[in-house]
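Structural features, examined
What follows is each chain in one-letter form.
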Amino acid sequence: MSGSVMIGLHGVTKNFAHTQVIREFSLDIYQGEFVTLLGASGSGKTTILRMIAGFEEVSGGRVTIDGVDMTGLPANLRPVNSVFQNYALFPHLNVYDNVAFGLRIKKFPEKLIKERVRESLNMVGLDAFATRRIRQLSGGQQQRVAIARAIINRPKVLLLDEPLSALDLKLRKEMQLELKRLHRELGITFVYVTHDQEEAMSMSDRIGVLAHGELLQYASPEELYANPASAAVASFVGETNLFDGTVVDIVKGYSVIQTRHFLTKAPVAEGHAVGSAVVLSVRPEAIRLGDSVGAPICRGIIMERIFAGSLIRIWVRVDEALTIQCLIHGTRNDEFPIGEEVDVIWEPNHSLAFPKEIKSLSEDSQLLGSNESAGQ
Amino acid sequence: MIVFFGIPNLYMLFISFMQVGGYGGIVYHFTLANYHLLFHWIEFKVIVDSLIFSVIVTAVCLVVAYPFAYIIATSPARRKLILLFLVIVPFWTSSLIRTFALMFLISTEGFINSVLLDFHIIHQPLNMLYTLGATYLGQFYSMLPYMILPLYASLQGVMDHPEYMEASRDLGAGASKTFWRVVAPLTIPGIATGSLLVFIPTLGTFFIPLLMGGGGVVLVGNFIESQFLAADNWPFGAAASALVIVITLLLIGFSSRYMNNAFLEEGNA
Ligand SMILES: Nc1ncnc2c1ncn2[C@@H]1O[C@H](COP(=O)(O)OP(=O)(O)OP(=O)(O)O)[C@@H](O)[C@H]1O
Ligand SMILES: [Mg+2]
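Residues numbered from 1 in each chain as written. Chains lettered and ligands numbered in written order. Predicted model: local features only at pLDDT ≥ 70, side-chain atom pairs only at ≥ 80, totals over all residues. Heavy atoms only, no water.

Attention now goes to the interface of chain B and chain A. At the interface, 23 residues of chain B touch 29 residues of chain A. When chain B packs against chain A, the two sides together hide about 2,300 Å² of surface, and 59% of this comes from carbon and sulfur. Counting every contact that joins chain B to chain A gives 1 salt bridge. The closest approach of N and O atoms between Glu166(B) and Arg50(A), which form a salt bridge, is 2.8 Å. Where chain B meets chain A, there are 7 residue pairs in polar contact (both at pLDDT 80 or more). Listed by contribution, the elements that provide at least two residues to the side of chain B that touches chain A are helix 8 (162-170) and helix 9 (175-186) of chain B. Split by residue class, the side of chain B that touches chain A holds 10 nonpolar, 6 polar and 7 charged. (Contact = heavy atoms within 4.5 Å. Buried area = accessible area lost by both parts, 1.4 Å probe. Salt bridge = Lys/Arg side-chain N within 4 Å of Asp/Glu carboxyl O. Polar contact = N/O pair within 3.5 Å; in protein donor to acceptor, adjacent residues only side chain to side chain. Helix = DSSP H or I, 4+ residues; strand = E, 2+ residues; numbered from the N terminus. Nonpolar A, V, L, I, M, F, W, Y, C, P; charged D, E, K, R; others polar.)

Residue and element names in this part refer to chain B. On the surface, a cluster of nonpolar side chains totalling about 830 Å² of accessible area is made up of Ile 82, Phe 85, Leu 86, Ile 88, Val 89, Phe 91, Trp 92, Tyr 146 and Leu 197. Here the nonpolar patch takes 4 residues from helix 4 (residues 77-88), the largest share from any one element. Mapped onto the elements of the fold, Ile 88 is located in helix 4. (Patch = residues over 30% accessible without salt bridge, like charges linked within 9 Å, V, L, I, M, F, W, Y side chains within 5 Å. Areas by Shrake-Rupley, 256 points an atom, 1.4 Å probe, with all protein chains shown as cover.)

Here we take up the confidence of the model for chain A. When pLDDT is averaged across chain A, the result is 89; 93% of the residues are at 70 or more. Across chain A, the secondary-structure element scoring lowest on mean pLDDT is strand 21 (residues 367-368) of chain A, at 40, and the one scoring highest is strand 7 (residues 157-161) of chain A, at 97. (pLDDT = per-residue confidence, 0-100.)

All names here are of chain B. The geometry of helix 8 relative to helix 9 is characterised by a closest axis approach of 10 Å and an angle of 140 degrees between their N-to-C directions. At the point where helix 8 passes helix 9, the crossing takes the right-handed sense. Contact residues: Tyr 164, Met 165, Ser 168 and Arg 169 in helix 8; Ala 175, Thr 178, Val 182, Val 183 and Leu 186 in helix 9. Looking at the contact of helix 8 with helix 9 residue by residue, the class counts come to 6 nonpolar, 2 polar and 1 charged. (Axes fitted to C-alpha atoms, helices over the stretch in contact; angles between N-to-C directions. Left-handed = near helix turned anticlockwise from the far one by under 90°.)

All names here are of chain A. Inspection of the region around ligand 1 gives Phe 16, Val 21, Ala 40, Ser 41, Gly 42, Ser 43, Gly 44, Lys 45, Thr 46, Thr 47 and Glu 162 as its neighbouring residues. Taking Ser 43, its main chain carries an N or O atom lying 3.2 Å from an oxygen atom of ligand 1. One nitrogen or oxygen atom from the side chain of Thr 47 is found 2.5 Å from an oxygen atom belonging to ligand 1. In the complex, 58% of the free accessible area of ligand 1, which totals 630 Å², lies under the protein chains. The element best represented in the shell around ligand 1 is helix 1 (residues 45-53), accounting for 3 residues. Of the residues in the shell around ligand 1, the class split is 3 nonpolar, 6 polar and 2 charged. (Near = heavy atom within 4 Å.)

Residues and elements named next belong to chain A. Positive phi, normally seen in glycine, also occurs at Tyr 87, with a value near 75 degrees. Relative to the assigned elements, Tyr 87 resides in the loop between strand 6 (80-83) and helix 2 (95-105). On the basis of relative accessible area, Tyr 87 is assigned to the buried category, the value being 0%. At Glu 162, a position not held by glycine, the phi torsion is positive, near 40 degrees. Its place among the elements puts Glu 162 in the loop between strand 7 and helix 5 (169-186). A relative accessible area of 10% places Glu 162 in the buried class. (Buried < 20%, exposed > 50% of the residue type's maximum accessible area, 1.4 Å probe, protein only.)

Once that is clear, we can look at the nonpolar core. Note that soluble globular proteins tend to have their nonpolar side chains buried in a common cluster. Judged by nonpolar contacts, the single largest core of 66 residues is most densely connected at Leu9(A) and Ile48(A). In terms of residue count, helix 7 (residues 132-159) of chain B provides more of this core than any other element does, 10 residues in total. Not counting the four nearest positions on each side in its chain, Leu9(A) is found in contact with Phe25(A), Ser26(A), Leu27(A), Ile48(A), Ile52(A), Arg62(A) and Val63(A). (Core = buried A, V, L, I, M, F, W, Y, C linked by side-chain atoms within 4.5 Å.)

Turning our eyes to something else, we now look at empty space enclosed by the protein. All names here are of chain A. Counted under the stated rule, the structure contains 1 cavity of 30 Å³ or more. Size it by volume and the largest cavity reaches roughly 50 Å³. Lining the largest cavity, in full, are Met 51, Glu 56, Glu 57, Val 58, Val 63, Met 70, Thr 71 and Arg 78. The residue inventory of the lining of the largest cavity, partitioned by class, reads 4 nonpolar, 1 polar and 3 charged. (1 Å grid on protein atoms, 1.4 Å probe; cavity = no way out; pocket = protein on both sides within 12 Å on 5 of 7 lines; lining within 4 Å. Points joined across faces, edges and corners; volume = space filled by probe spheres on them.)

Strand pairing within a sheet occurs via backbone hydrogen bonds; the two strands may be parallel or antiparallel. Residues and elements named next belong to chain A. Within the open sheet, the 6 strands sit side by side as 6-7-8-3-9-10. Their pairing is mixed. Lying at the two open borders of the sheet, with one neighbouring strand each, are strand 6 and strand 10 (214-219). Between one strand and the next, the sheet's axes are offset by a mean angle of 20 degrees, whatever the strand orientation. Of the pairings in the sheet, the one linking strand 9 (residues 206-211) to strand 10 comprises 5 bridges and is antiparallel in character. Its bridge partner being in strand 10, Ile 207 is matched across the sheet by Ala 219. Here helix 4 (residues 139-151) sits on the sheet and contacts strand 6 and strand 7; the angle it forms with strand 6, its principal contact strand, is near 175 degrees. (Pairing = 2+ DSSP bridges.)

Turning our attention to the domain arrangement of chain A. Residue and element names in this part refer to chain A. According to the domain assignment, chain A consists of domain 1 (5-226) and domain 2 (231-368). Between the C-alpha centres of domain 1 and domain 2 the distance comes to 38 Å. Facing the 13 residues of domain 1 at the interface are 9 residues of domain 2. Surface buried jointly by domain 1 and domain 2 totals about 920 Å² across both partners, of which 67% is contributed by carbon and sulfur atoms. At the junction of domain 1 with domain 2, the criterion picks out 3 residue pairs in polar contact (both at pLDDT 80 or more). Here the side of domain 1 that touches domain 2 takes 3 residues from helix 7 (residues 221-226), the largest share from any one element. (Domains from an automatic or database assignment.)

Moving on to the pairing of strand 19 (residues 341-346) of chain A. Residues and elements named next belong to chain A. Burial analysis of strand 19 places 5 of its 6 residues in the buried class, which makes it a mostly covered element. Direction of pairing for strand 15 (residues 287-289) relative to strand 19: antiparallel, over a ladder of 3 bridges. By the bridge assignment for strand 19, Ile 287 is matched with Trp 346.

Here is the structure:
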């Protein structure tokens with residue numbers, strides 16, 4: 001990444017009463033970037049956004065915006081604007097007055113305000129709605145007004161806290177594209193919060209993955225997918241199969257790993273030593289079935305299959321404690337019928353073994369998909 | 001409702017169109033004379049005076065009650081409970097008794113004068129009771145809780161949705177602009193309800209001017225009372241009442257437009 005740092009979080013911590021909800025959080029966001037904070041509910045995403053916006057003071061560390069230390073600066077003096085999860089549109093004002101609010105506070109002349117409101121509403125496709133009351137708008141329209149109201153101030157940074165979570169799937173997809181377009185057209189920095197990994201993957205330049213108030217990994221979507229730093233990240237970003245195991249040997253750049261059900265290899269990584277506990281991660285699309293080219297890793301029975309155009313999603317049951325999820329390329333619907341016994345194979349190079357964390361999210365049998373469709 | 005409120009009022013409306021007998025009483029004969037008298041005679045001034053009195057009492061209540069209600073709404077739970085309790089206590093004693101207590105406080109031999117005399121701050125007792133000022137004080141004092149409670153309810157609604165204030169701060173408004181442009185407009189329902197709850201009884205008040213004003217202060221309530229009791233002119237008294245009721249109904253109709261609290265509930269689509 002080039003350019004200047006727009007937002008800097010330097011060892012930020014946050015305590016509510018006596019519980020620490022954000023721990024030593026550091027992250028740089030460059031001017032013009034689209035950065036997403038991704039994490040499960042309660043992981044601290046909103047808290048971080050609120051500390052950037054100035055609604056919460058940091059308990060420790062520093063927040064800088066465009067190089068300026070924000071400590072002690074109230075929200076109204078910070079060069080950022082927010083799109084709230086519940087929109088927070090002023091119910092006593094109509095669409096026009098809501099959007100004009102920020103400029104009226106800054107005492108712009110009404111003539112200029114009129115121009116800018118029109119321009120803002122135009123950008124979100126709501127020109128015809130200026131005189132509507134807020135309660136006469138649909139959820140999607142309210143969302144657009146909230147965005148228009150925030151961008152009219154031409155902030156350096158736009159903060160968006162799960163702005164699409166209240167919308168139905170189709171509208172959400174539409175708004176995702178619109179937000180990307182707005183980001184391109186405005187050229188300002190977007191900080192986006194979501195717990196939807198697909199949304200994060202499809203929209204962001206970089207993603208910060210959070211768990212329990214800590215930053216697990218901060219990287220581009222591609223990097224996160226290909227090189228997750230931990231089993232937790234691997235399971236959060238895209239779908240994966242996780243297996244608990246132990247390193248029993250290390251040979252020629254590979255760790256030999258024994259799990260309850262099979263013996264396999266994975267590239268040696270940091271924290272591997274003979275005897276250490278690891279979590280093995282294998283993406284569903286890395287798995288092949290039935291063609292005994294290499295030695296099979298295990299065998300199982302096809303329990304369930306979903307045909308989806310060029311891909312078939314298959315669940316292979318090894319025993320009552322282990323079901324493996326696979327994504328197979330195939331255009332024929334008669335391949336891999338339910339009940340067939342198959343070999344399960346993957347390339348060692350397509351698997352990753354992470355040192356087992358104390359509070360591992362995985363269990364041998366657990367299949368962690370995207371957090372919305374965990375399990376099946 | 002209809003039986004208890006409708007019938008007496010309809011009867012009153014009916015007799016307001018009747019004539020008064022030579023020695024009091026009602027002569028059942030249709031006339032508009034009572035209303036005619038009301039608008040042309042000097043008694044109309046009583047109504048104007050009462051309106052001015054009620055407007056001022058309502059305005060003072062609003063100005064004093066708003067900060068009170070704000071403090072209550074923004075207090076932590078325990079203190080909030082105590083403060084609300086203090087506001088509600090007066091509802092448990094008759095306002096007549098509270099008025100007597102207030103009279104005792106400010107009378108020539110009363111508490112305030114004796115304290116001031118004892119400390120040699122004054123050498124002559126102050127004449128506070130039986131003045132127009134005392135009437136204002138009495139009415140204000142007895143009405144204040146009726147203003148505080150609806151304002152509190154409204155403000156609590158706003159405090160329960162901090163996102164509106166945060167959105168305002170986010171858009172660059174400081175604390176005072178946020179108050180005037182967001183908090184105050186969102187509490188208009190409370191302002192309207194409280195104002196009505198204070199204005200209506202104040203317009204019809206009669207024992208507070210009687211007790212605190214000592215007969216020197218005559219408001220429309222006293223006037224109506226005297227027409228019914230002293231002058232024994234029921235039709236004229238009924239006509240004055242009817243006028244007060246019409247004014248009240250107009251006010252209710254007007255303010256009900258502002259009492260709709262629904263706008264706090266939406267917005268969380
Ligand atoms: N004002 C507060 N007082 C006490 N605890 C709080 C407060 N705000 C947040 N928390 C706690 O801080 C943690 C992080 O909350 P936060 O709202 O940042 O999570 P989140 O990642 O935004 O979750 P979600 O996806 O559900 O919105 C939670 O455990 C929450 O209970
Ligand atoms: Mg949140």
